[in-house]
Amino acid sequence: MATDVELAITGMTCASCANRIERKLNKLDGVIATVNYATEKARVSYPETVAPEDLLATVEAAGYHARLPERGPDAGEPRDEADVELDSLRQRLLLSAVLTVPVVLLAMVPALQFEYWQWASLTLAAPVVVWGAWPFHRAAWTNLRHGTSTMDTLVSMGVLAAFGWSLVALFWGSAGTPGMTHAFELTVERTDGLDNIYLEAATGVTTFLLAGRWFEKRSKRRAGAALAALLEMGAKEVTLLEDGRERLVPAEQLAVGMLFVVRPGEKVATDGVVERGTSAVDASMLTGEPVPVEVGPGDEVAGATVNAGGRLVVRATRVGGDTQLAQMARLVEEAQNGKAEVQRLADRISGFFVPVVIALAAGTLGFWLGAGVGASAAFTAAVSVLIIACPCALGLATPTALMVGTGRGAQLGILIRGPEVLESTRRVDTVVLDKTGTVTTGRMALVDVVPAAGESAAEVRRLAAALETGSEHPVARAVVDGAGELPEAEDFANVEGLGVQGIVEGHAALVGRPRLLAEWSQHLPPELEAAVEAAQAAGRTPVAVGWDGRARGIVVVSDTVKPTSAEAVRRLRDLGLSPVLLTGDNERAARAVAAEVGIDEVIADVLPADKVDVVKRLQDQGRVVAMVGDGVNDAAALAQADLGLAMGTGTDVAIEASDLTLVRGDLRVAADAVRLARRTLATIKGNLFWAFAYNVAALPLAAAGLLNPMLAGAAMAFSSVFVVSNSLRLRRFR
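Residues numbered from 1 in each chain as written. Predicted model: local features only at pLDDT ≥ 70, side-chain atom pairs only at ≥ 80, totals over all residues. Heavy atoms only, no water.

- Per an unreviewed UniProt entry, the recorded name for the protein chain is Heavy metal translocating P-type ATPase, and the organism is Nocardioides koreensis.
- As stated in UniProt under Sequence similarities (unreviewed entry), the record for the protein chain gives "Belongs to the cation transport ATPase (P-type) (TC 3.A.3) family. Type IB subfamily."
- Recorded in UniProt for the protein chain, the comment headed Subcellular location (unreviewed entry) runs: "Cell membrane". (UniProt positions renumbered as here; feature names shortened; annotations may be inferred.)

Examining the overall build of the protein chain
- Counting its regular elements, the protein chain contains 26 helices and 26 strands.
- The buried share among the 734 residues of the protein chain stands at 52%.
- Across the protein chain, the fraction of contacts at a sequence separation of at least 24, relative to all contacts at a separation of at least 6, is 68%.
- Surface summary for the protein chain: the accessible area is close to 30,900 Å², and the carbon and sulfur share equals 56%. (Helix = DSSP H or I, 4+ residues; strand = E, 2+ residues; numbered from the N terminus. Buried < 20%, exposed > 50% of the residue type's maximum accessible area, 1.4 Å probe, protein only. Contact = heavy atoms within 4.5 Å. Areas by Shrake-Rupley, 256 points an atom, 1.4 Å probe, with all protein chains shown as cover.)

Things to note about the UniProt feature "transmembrane region" (unreviewed entry) in the protein chain
- UniProt records the feature "transmembrane region" (unreviewed entry) at residues 93-110, 116-134, 154-177, 197-215, 349-371, 377-398, 688-704 and 710-728, using the numbering of this structure.
- Across residues 116-134 one finds 89% helix and 0% strand; the C-alpha atoms that close the span lie 27 Å apart.
- Note that residues 154-177 is 75% helix and 0% strand, and that its end C-alpha atoms are spaced 31 Å apart.

Observations regarding a nonpolar patch on the surface
- The grouping of Val 101, Leu 105, Val 109 and Leu 112 at the surface amounts to a nonpolar patch, some 300 Å² of accessible area in total.
- Among the secondary structure elements, Leu 112 is positioned in the loop between helix H3 (77-108) and helix H4 (117-132).
- Its relative accessible area of 42% is what places Leu 112 among the partly exposed residues. (Patch = residues over 30% accessible without salt bridge, like charges linked within 9 Å, V, L, I, M, F, W, Y side chains within 5 Å. Salt bridge = Lys/Arg side-chain N within 4 Å of Asp/Glu carboxyl O.)

Observations regarding helix H21 (residues 587-597)
- Considered for burial, the residues of H21 that qualify are Ala 589, Ala 590, Val 593, Ala 594 and Val 597. For H21, the angular spread of the buried residues around the axis is 130°, confining them to a single face. Away from the buried face of H21 by more than 90 degrees, exposed residues Ala 595 and Glu 596 are located.
- Packing partners of the buried residues in H21 comprise helix H15 (435-439), strand E16 (440-451), strand E21 (550-561), helix H20 (565-574), strand E22 (578-582) and strand E23 (601-603).
- Following H21 by one or two positions, Gly 598 adopts a phi angle in the positive range, close to 90°. (Arc of directions from axis to C-beta.)

What about the nonpolar core?
- The biggest cluster of nonpolar side chains holds 48 residues, and the ones touching the most others in it are Leu 433 and Leu 645.
- With ten residues, the top contributor of residues to this core is helix H25 (residues 668-703).
- In contact with Leu 433, other than residues within four places in its own chain, are Val 439, Val 569, Leu 572, Pro 579, Val 580, Leu 581, Leu 582, Ile 599, Val 628 and Leu 667.
- In this structure, Val 103, Ala 133, Val 155 and Leu 209 belong to the second largest nonpolar core, which totals 47 residues. (Core = buried A, V, L, I, M, F, W, Y, C linked by side-chain atoms within 4.5 Å.)

With respect to the sheet that holds strand E12 (residues 306-307)
- Strand order in the open sheet formed by three strands is E10-E9-E12, with antiparallel pairing between adjacent strands. Either end of the sheet is taken by a strand with one partner, and the two such strands are strand E10 (293-295) and E12.
- Relative to E12, strand E9 (residues 279-282) runs antiparallel, the two sharing two bridges. The residue bridging Asp 282 from the neighbouring strand is Val 306, located in E12. (Pairing = 2+ DSSP bridges.)

Description of the environment of Glu 242
- Mapped onto the secondary structure, Glu 242 falls in strand E5 (residues 237-242).
- Glu 242 gets classed as partly exposed once you look at its relative accessible area, which sits at 33%.
- On a C-alpha basis, the gap between Glu 242 and Leu 259 in space is 7.3 Å, while along the polypeptide they are 17 residues apart.

Points about unusual backbone geometry
- Positioned with a positive phi, Asp 548 is a non-glycine residue whose angle comes to about 50°.
- Note on placement: Asp 548 falls in the loop between strand E20 (541-547) and E21.
- Owing to a relative accessible area of 39%, Asp 548 belongs among the partly exposed residues under this scheme.
- The residue Asp 605 is not glycine, and still its phi comes out positive at about 55°.
- By the secondary structure assignment, Asp 605 is in the loop between E23 and helix H22 (608-620).

Side note on the packing of aromatic side chains
- Taken as a whole and assessed by the stated rule, the structure comprises five aromatic pairs.
- Between the aromatic rings of Trp 119 and Phe 171, the centroid separation amounts to 5.3 Å while the plane-to-plane angle is 75°, which identifies the pairing as edge-to-face. A residue pair is termed long-range when its members are at least 10 positions apart, and Trp 119 in helix H4 and Phe 171 in helix H6 (residues 151-171) qualify at 52 residues.
- A relative accessible area of 26% places Trp 119 in the partly exposed class.
- Between Phe 171 and Trp 172, the aromatic rings sit 6.1 Å apart at their centres with planes inclined by 55°, giving tilted as the arrangement.
- Owing to a relative accessible area of 68%, Trp 172 belongs among the exposed residues under this scheme.
- Through a chain of ring-to-ring contacts, the aromatic side chains of Trp 119, Phe 171 and Trp 172 assemble into a single cluster.
- When the ring centre of Trp 131 is taken as origin, the NZ or CZ atom of Arg 92, which lies over that ring, is 5.0 Å away. (Phe/Tyr/Trp six-rings, centres within 6.5 Å; stacked < 30°, edge-to-face > 60°. Lys NZ or Arg CZ within 6 Å of the ring centre and 35° of its normal.)

Observations regarding the sheet that holds E23
- With mixed pairing, the seven strands of this open sheet are ordered in space as E14-E26-E25-E24-E15-E22-E23. Looking along the sheet, the strands with just one partner apiece sit at the ends: strand E14 (414-416) and E23. Averaged over all adjacent pairs, the angle separating strand axes in this sheet is 20°, with direction ignored.
- In terms of strand pairing, strand E25 (residues 643-647) meets strand E26 (residues 660-662) through three bridges, oriented parallel. In the strand pairing of E26, Met 647 is matched with Leu 662. (Axes fitted to C-alpha atoms, helices over the stretch in contact; angles between N-to-C directions.)

What to know about the pattern of salt bridges
- The tally for this structure, following the rule as stated, stands at 23 salt bridges.
- For Glu 275, the salt bridge is made with Arg 315, and the minimal N-O distance between the two is 3.2 Å. Remark: Arg 315 occurs in strand E13 (residues 312-318) and Glu 275 occurs in strand E8 (residues 271-276); sequence separation between them is 40 residues.
- Given a relative accessible area of 34%, Glu 275 falls into the partly exposed group.
- For Glu 601, the salt bridge goes to Arg 623, with nearest N and O atoms at 3.3 Å. Residue Glu 601 is found in strand E23, and its partner Arg 623 is found in the loop between H22 and strand E24 (625-629); the two are separated by 22 residues along the sequence.
- Exposure remark for Glu 601: the relative accessible area of 30% places this residue in the partly exposed category.

Considerations on the packing of H20 against H25
- The geometry of H20 relative to H25 is characterised by a closest axis approach of 7 Å and an angle of 25° between their N-to-C directions. The angle between the axes of H20 and H25 places the two elements in the roughly parallel class. Facing H20, whose interface residues are Glu 567, Ala 568, Arg 571 and Leu 572, H25 presents Arg 668, Ala 670, Ala 671 and Asp 672.
- Classifying every residue of the contact of H20 with H25 gives four nonpolar, no polar and four charged. (Parallel < 35°, antiparallel > 145°, perpendicular 65-115°, else oblique. Nonpolar A, V, L, I, M, F, W, Y, C, P; charged D, E, K, R; others polar.)

And the structure:
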């Protein structure tokens, strides 16, 4: 019997780390493991013959740290640890940047080079190289112990080589002579290198790459926040009913079979069955259905839904991990972990680039020693190879484009989660749009008033609104909103599940379902019957209004389509995307909305778990799916989709599960988001190409011993400036 567990992994710095851990775990008998670098988690299935401690020990032996999932009050600890790691990286970055700026200025501007400037540079550079670059050195040492190499290996070797050679030049060469200056000359000549120091290269590379690492960590830091946000939605306390007495206790104390009370406005503490009372329950966060559901004795209610009406007494049927909310959390988790691991482009190439550079440096040293040019000249050439190959521009390629792209996106109301998101946007061909809150406003509004023959529409609306002021039901609020000054209702009463009744200006009035009026022998005339059928056919909610013994009219409320949705659908089509409308609402309502905005493909009556299946089904058809949604019920589907876009007007859960967040709640921004993400990806690819091209072009010069420090410094600076200026073009995105 296999057991499934999810391990939290720390210490990974690139996708090759994830691959290494995965390989080590899969070598254990009967163990099947997948490690996701993006979420920093390992999903492991293991037999009874393997203990969880064996899994932890295997990860530790590979040079990383792992932790079993925690439950209960301390479950939030891993996120705190992630914050500590991020803060530590930020401290390294800030101090390194402060110390690096004067080192670079002194090396590049001869006018600033005072008598002992080189020793001042050494004093400033030492903490950056040792303490600032420590994460790279530590990772390189781990790689060395396990016989592998990553970008960290190259960074560490390059930084230490530049610093080490600078020490040799200062203490044993002529670079430490008082009054020594670096003339800014771009000459190509073979030198012994002992009159040059490379401190600006060592500190500059460290600071640039720390900035890149910090930005990446920050974007990944909230990988598990969707689940935390989902579980946060549940009620924290519950009012237990024991022997007729009410007692407030923490929600964790609830057990199956216990009775608990839910007052108007409170969350239902857990899944259960109503024992006493009737009310309207707002379940939109779970079902996507905007109209609250009427419940009474014998009806099931789900945890975290909101009681919008009367007092309910509920018997708990499912608690803890068995509830609908917990199941939804698992769906989000599985969808996140099921995503293909998107390896950073630089890491893919580094798999062979790093060993080639190290071999080239060793070959260069051996060749020049064999050619008899002298040890210092041979070492200079070998060190130059490592320095010129040190991926300064490479480290900037992704973060700078991402910073500028995300900064411009934020101005336009688009938040991009991280570099992994961008590759998906290029291939997307289908966009699934959730109806409620995405294509529509997600709020009930009055859309029509149909008076009976001889009645005034204004009077029907006025009396209906006057009576509905006493109700908190969302349909009632839609009737009241914007009605102006209203007379006061007397003898107001709520008729369970049917509507309201009372006296308004001396008239005995009824507002609610046609059945309520029929019980008082106020039957709808044919024209109002037709209005009710037409409203229901269009997916709207008709409310009958009658007073003084007669049905006087129908008010129609509906979840209204956003005015920008039709234009947004046109823009998405222009990007080559096929729109699909997905909703938990009924088929008729969905078809009416789809026709209004110009969507042909409609999938209706879909439960939250089925939304994930719909996305999977589309993916199985070979389609690359983007999903746009805003509710908790969309979170798992957003995580499952190749590209998830959350409306910022929606829930935190949907936003955390998505790849892109659209702050303004305007669907047109979805098209802008796809365009911006595609443009940012193109910029990153351009940056990576030129960064590698620079390395490849410069390596032969370095190996030939024709690269003096100033030329190397200028070339490195130019490659970085090019990458940054190329990224800055994204600021002009419209």
